[in-house]
Amino acid sequence: GFIVNIGTLVADITDNKLKAVRHRVKQMDFVRHSIPCFLNPSFDADISRSLAGKLTNAGKQNYGIFGDWMKDYLPAVEPSLLEDSFDDAFIVVIIVLGDYN
């Protein structure tokens, strides 16, 4: 089986048709293997409006493009990840594979 975790930006852009969940890791009684897959839009992608044309939370904060939003968002949620420079890293989807028998 697999689990797909959707981030808040994707939920906002899809008008919450895809729900964001808080990522948690729970101790299990079986061996499991995780393969994270990080997807993000291009840095010049417009994130100010949802697919239905509504103003997103990022748009309400005056962010028009993903790159500008990410430069502020990522250090706030992962301060140890970035030191002096900004690289493209954003958790949107996490896929967890394992034997669930």
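My aim in this report is to walk through the structure given alongside it, one point at a time. (Residues numbered from 1 in each chain as written. Predicted model: local features only at pLDDT ≥ 70, side-chain atom pairs only at ≥ 80, totals over all residues. Heavy atoms only, no water.)

On to the packing of aromatic side chains. Under the counting rule described, the total for this entry stands at three aromatic pairs. With a centroid separation of 5.6 Å and an interplanar angle of 80°, the aromatic rings of phenylalanine 43 and phenylalanine 66 are classed as edge-to-face. Taken as a pair, phenylalanine 43 in the loop between strand 2 (32–37) and helix 2 (57–60) and phenylalanine 66 in helix 3 (residues 66–77) lie far apart in primary sequence, 23 residues in all. Among the aromatic residues, those joined into a cluster by ring pairs are Phe43, Phe66, Trp69 and Tyr73. (Phe/Tyr/Trp six-rings, centres within 6.5 Å; stacked < 30°, edge-to-face > 60°. Helix = DSSP H or I, 4+ residues; strand = E, 2+ residues; numbered from the N terminus.)

Okay, the environment of isoleucine 65 next. Mapping isoleucine 65 onto the fold places it in the loop between helix 2 and helix 3. The spacing of isoleucine 65 and phenylalanine 43 is 22 residues in sequence and 6.7 Å in space, taken between C-alpha atoms. Once you skip the residues sitting within four places of it in the chain, isoleucine 65 turns out to touch Phe43, Asp44, Ala45, Asp46 and Ile47. (Contact = heavy atoms within 4.5 Å.)

Its twelve residues place the ends of helix 3 16 Å apart at the C-alpha level, agreeing with the 16 Å of an ideal helix rising 1.5 Å per residue. Among all positions in helix 3, only Phe66, Gly67, Trp69, Met70 and Leu74 are buried. An end-on view of helix 3 places all buried positions within 140° of arc, on one side of the element. At its buried positions, helix 3 is contacted by helix 1 (8–13) and helix 2. (Expected span 1.5 Å × (residues − 1). Buried < 20%, exposed > 50% of the residue type's maximum accessible area, 1.4 Å probe, protein only. Arc of directions from axis to C-beta.)

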